[in-house]
Amino acid sequence: MRTIYLDHAATTPLDERVLEVMLPYMTENFGNANSAHHLGQQAKVKVEDAREKVAHLLNAEPAEVIFTSGGTESDNAVIKGALALQKGKSKIITSELEHHAVLHPIEMAKMQGFKTVFAEPIDCGTITAKAVADKLSDETALVSIMHVNNEIGCVNEIKEIAALCRERNIPFHSDTVQSLGKIPVDVKDLGLDFLSGSAHKIYGPKGIGIMYIRNGSRWMPWMTGGSQERRRRGGTLNVPGVLGFAKALELAHDEMEANTNHYKKLRSLLMDQLNEKLTACTYRINGNEENGVPHIINISFMDEVGRGVDGEMLLLNLDIEGICVSNGSACTSGAMEPSHVLTGIGLQDGVAKSSIRISFGKKNTEEDVRFLVEKLEGVLTRMFSLA
Ligand SMILES: *Cc1c(COP(=O)(O)O)cnc(C)c1O
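Being a predicted model, the structure only gives us computed values, none of them experimental.

**Comments concerning the domain arrangement of the chain**
Turning to step 1, where the next piece is worked out: In terms of domains, the chain is made up of domain 1 (4-12 + 256-386) and domain 2 (16-254).
Turning to step 2, where the next piece is worked out: Here the C-alpha centre of domain 2 lies 28 Å away from the C-alpha centre of domain 1.
Turning to step 3, where the next piece is worked out: At the interface, 27 residues of domain 1 touch 33 residues of domain 2.
Turning to step 4, where the next piece is worked out: Each partner contributes to the roughly 2500 Å² buried at the junction of domain 1 and domain 2, and carbon and sulfur atoms together form 52% of this total.

Written out as structure tokens, the structure is:
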């Protein structure tokens with residue numbers, strides 16, 4: 001059976017060209033970049049080249065780029081490290097549509113007395129500058145709003161939000177895990193103080209990420225230990241991971257336009273195919289079609305009277321056909337909870353639970369899309385006839 005992978009917002013395979021760059025640094029060039037001898041120094045030179053490359057692609061200074069173990073660590077380190085120096089101010093502005101890697105550290109900050117204020121999305125799921133402006137106050141300690149939403153693909157008004165924060169001298173963090181390498185991310189143009197990124201969403205290895213910390217930002221290290229990363233993140237550097245990150249980001253930049261065009265084509269084919277071929281039920285697209293990235297599509301399926309399909313069962317049935325998609329549901333104490341993103345944009349639990357997320361990658365083909373819709377028709381027909 002063929003596997004059709006349509007879950008690239010969850011993770012991507014390693015690009016062979018990335019693997020090639022990494023391999024020698026796992027075997028013969030295994031030095032610790034912190035070692036004084038030549039084997040260590042060879043690794044160190046490569047790491048600094050990689051840092052320069054990443055900084056250049058982000059329009060940052062090399063000293064502003066810190067390697068971490070991934071997006072989750074970066075989100076935690078930025079949020080905890082920025083809040084630690086904001087004792088006088090008590091409010092954190094974020095949105096309910098953030099990744100849990102942002103929401104949960106913010107939740108923990110409540111124990112230090114911080115309060116969370118949610119900026120409201122406009123109905124399709126975009127966080128606007130106005131929504132943030134409505135919540136800003138003298139008590140705001142930090143604003144954290146993601147660039148591209150991982151479940152519905154909406155692109156938020158990051159540049160405008162950053163400008164609002166800059167005017168008021170409020171630190172601004174953006175989780176750019178889903179935008180890096182997909183749409184332009186220029187830290188100076190966007191006006192970010194902090195960003196988080198991850199390699200495995202862009203055909204790089206799992207377990208390596210970055211944070212950008214603008215020079216002059218008030219922030220203190222969260223992970224302390226050795227003197228690595230100029231004492232801002234202790235721990236032996238993942239040298240092959242660092243080199244893989246830089247290569248993956250470089251390739252993503254080189255191929256951004258081609259990939260985007262490819263995803264637009266696949267997306268419009270998917271829309272046409274659903275229109276023409278799906279007779280089993282009705283559906284709705286969740287998220288903003290005009291202001292979204294083309295490779296993330298979130299769809300709810302329901303019958304004429306609005307009863308949603310069981311999204312979890314749909315996912316499993318598609319898996320039996322070899323198709324990998326996801327839904328944002330989380331298993332909490334034995335029961336399936338609907339995606340916090342979908343309920344956050346106002347969907348009823350039933351509709352939210354009837355959705356799947358399709359996220360395209362560069363190797364997906366038009367044939368994959370046709371196969372998906374054909375299988376959707378079969379599976380949904382069966383599911384609705386049993387319901
Ligand atoms: C995947 C993801 C993360 C987590 O990154 P990891 O490297 O897997 O820890 C954080 N934020 C968003 C938006 C993501 O999509």
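Moving on from the model shown.
**Some remarks on the sheet that holds strand β4 (residues 115-118)**
Turning to step 1, where the next piece is worked out: The mixed open sheet is built from 7 strands, whose spatial order is β2-β8-β7-β6-β5-β3-β4. One side of each edge strand has no neighbouring strand; the edge strands of this open sheet are β2 (65-68) and β4. Strand-to-strand twist in this sheet, taken as the mean axis angle between neighbours without regard to direction, amounts to 20°.
Turning to step 2, where the next piece is worked out: As defined by bridge partners, strand β6 (residues 172-175) adjoins strand β7 (residues 194-198) across 3 bridges and the pair is classed as parallel. Residue pairing in the sheet places histidine 173 in a bridge with phenylalanine 194 of β7.
Turning to step 3, where the next piece is worked out: Along the sheet face, helix α3 (residues 71-83) touches β2, β3 (91-94), β5 (140-144), β6, β7 and β8 (209-213) and points at about 165° away from the line of β7.

**Thoughts on the site of the ligand**
Turning to step 1, where the next piece is worked out: In the vicinity of the ligand there are 13 residues, among which Thr72, Asp175, Gln178, Ser198 and Lys201 approach most closely.
Turning to step 2, where the next piece is worked out: Between the ligand and serine 198, the relevant distance is 2.6 Å, taken from an oxygen atom to a side-chain nitrogen or oxygen of the residue.
Turning to step 3, where the next piece is worked out: Within the complex, the protein chains bury 88% of what would otherwise be the 380 Å² of accessible surface of the ligand.
Turning to step 4, where the next piece is worked out: The element best represented in the shell around the ligand is α3, accounting for 3 residues.
Turning to step 5, where the next piece is worked out: For the shell around the ligand, the class distribution of residues is 2 nonpolar, 8 polar and 3 charged.

**Some words on unusual backbone geometry**
Only a minority of non-glycine residues have a phi that is not negative, and only a minority of peptide bonds are not trans.
Turning to step 1, where the next piece is worked out: Even without being glycine, arginine 230 reaches a positive phi, approximately 50°.
Turning to step 2, where the next piece is worked out: In this fold, arginine 230 is placed in helix α8 (residues 228-231).
Turning to step 3, where the next piece is worked out: For arginine 231, which is not glycine, the phi torsion reads 65° and is therefore positive.
Turning to step 4, where the next piece is worked out: Note that arginine 231 resides in helix α8.

**Describing the packing of helix α11 (residues 311-320) against helix α14 (residues 366-386)**
Turning to step 1, where the next piece is worked out: The interhelical angle for the contact between α11 and α14, taken along N-to-C directions, is 130°, at an axis separation of 10 Å. For the element pair α11 / α14, the angle class is oblique. Seen along the crossing, α11 lies across α14 with a hand that is right-handed. Of the residues in α14, those touching α11 at Met313, Leu314, Asn317 and Leu318 are Lys375, Leu376, Val379, Leu380, Arg382 and Met383.
Turning to step 2, where the next piece is worked out: Along the lines of polarity and charge, the residues of the contact of α11 with α14 split into 7 nonpolar, 1 polar and 2 charged.

**Structural notes on the pairing of strand β14 (residues 355-359)**
Turning to step 1, where the next piece is worked out: Of all 5 residues in β14, 5 are buried, a share of seventy percent or more.
Turning to step 2, where the next piece is worked out: The two faces of β14 match: Ser355, Arg357 and Ser359 on one face and Ile356 and Ile358 on the other face are all buried.
Turning to step 3, where the next piece is worked out: The pairing of strand β10 (residues 296-302) with β14 spans 5 bridges and is classified as antiparallel. If you follow serine 300 over to β14, its bridge partner there is serine 355.

**Thoughts on the packing of aromatic side chains**
Turning to step 1, where the next piece is worked out: Evaluation of the coordinates by the stated rule reveals 1 aromatic pair.
Turning to step 2, where the next piece is worked out: It is arginine 2 that lies over the ring of phenylalanine 371; its NZ or CZ is 5.6 Å from the centre.
Turning to step 3, where the next piece is worked out: One residue, lysine 362, lies across the ring of tyrosine 203, its end atom 4.1 Å from the ring centre.

**Side note on the sheet that holds β14**
Where strands meet in a sheet, backbone hydrogen bonds hold them as pairs that are either parallel or antiparallel.
Turning to step 1, where the next piece is worked out: With respect to topology, 3 strands assemble into an open sheet ordered β9-β10-β14, the strand pairing being antiparallel. Of all the strands in the sheet, the pair left with one neighbour each is β9 (282-286) and β14. Taken pair by pair, the neighbouring strands of this sheet meet at an average axis angle of 30°, ignoring direction.
Turning to step 2, where the next piece is worked out: With 5 bridges joining them, β9 and β10 adopt antiparallel strand pairing. Each bridged residue has a counterpart across the sheet, and for isoleucine 285 the counterpart in β10 is isoleucine 299.

**Describing the side chain of glutamate 73**
Turning to step 1, where the next piece is worked out: In this fold, glutamate 73 is placed in helix α3.
Turning to step 2, where the next piece is worked out: Setting aside residues no more than four positions away along its own chain, glutamate 73 makes contact with Thr68, Trp222, Met223 and Arg233.

**A closer look at a nonpolar patch on the surface**
Turning to step 1, where the next piece is worked out: Residues Leu14, Leu19, Leu23 and Met26 make up a contiguous nonpolar surface patch of roughly 310 Å² in combined accessible area.
Turning to step 2, where the next piece is worked out: Following the sequence through the fold, leucine 23 ends up in the loop between α1 (16-22) and α2 (38-58).

Reading guide: rules and limits
- Residues numbered from 1 in each chain as written.
- Predicted model: local features only at pLDDT ≥ 70, side-chain atom pairs only at ≥ 80, totals over all residues.
- Heavy atoms only, no water.
- Domains from an automatic or database assignment.
- Contact = heavy atoms within 4.5 Å.
- Buried area = accessible area lost by both parts, 1.4 Å probe.
- Pairing = 2+ DSSP bridges.
- Helix = DSSP H or I, 4+ residues; strand = E, 2+ residues; numbered from the N terminus.
- Axes fitted to C-alpha atoms, helices over the stretch in contact; angles between N-to-C directions.
- Near = heavy atom within 4 Å.
- Polar contact = N/O pair within 3.5 Å; in protein donor to acceptor, adjacent residues only side chain to side chain.
- Areas by Shrake-Rupley, 256 points an atom, 1.4 Å probe, with all protein chains shown as cover.
- Nonpolar A, V, L, I, M, F, W, Y, C, P; charged D, E, K, R; others polar.
- Parallel < 35°, antiparallel > 145°, perpendicular 65-115°, else oblique.
- Left-handed = near helix turned anticlockwise from the far one by under 90°.
- Buried < 20%, exposed > 50% of the residue type's maximum accessible area, 1.4 Å probe, protein only.
- Phe/Tyr/Trp six-rings, centres within 6.5 Å; stacked < 30°, edge-to-face > 60°.
- Lys NZ or Arg CZ within 6 Å of the ring centre and 35° of its normal.
- Patch = residues over 30% accessible without salt bridge, like charges linked within 9 Å, V, L, I, M, F, W, Y side chains within 5 Å.
- Salt bridge = Lys/Arg side-chain N within 4 Å of Asp/Glu carboxyl O.

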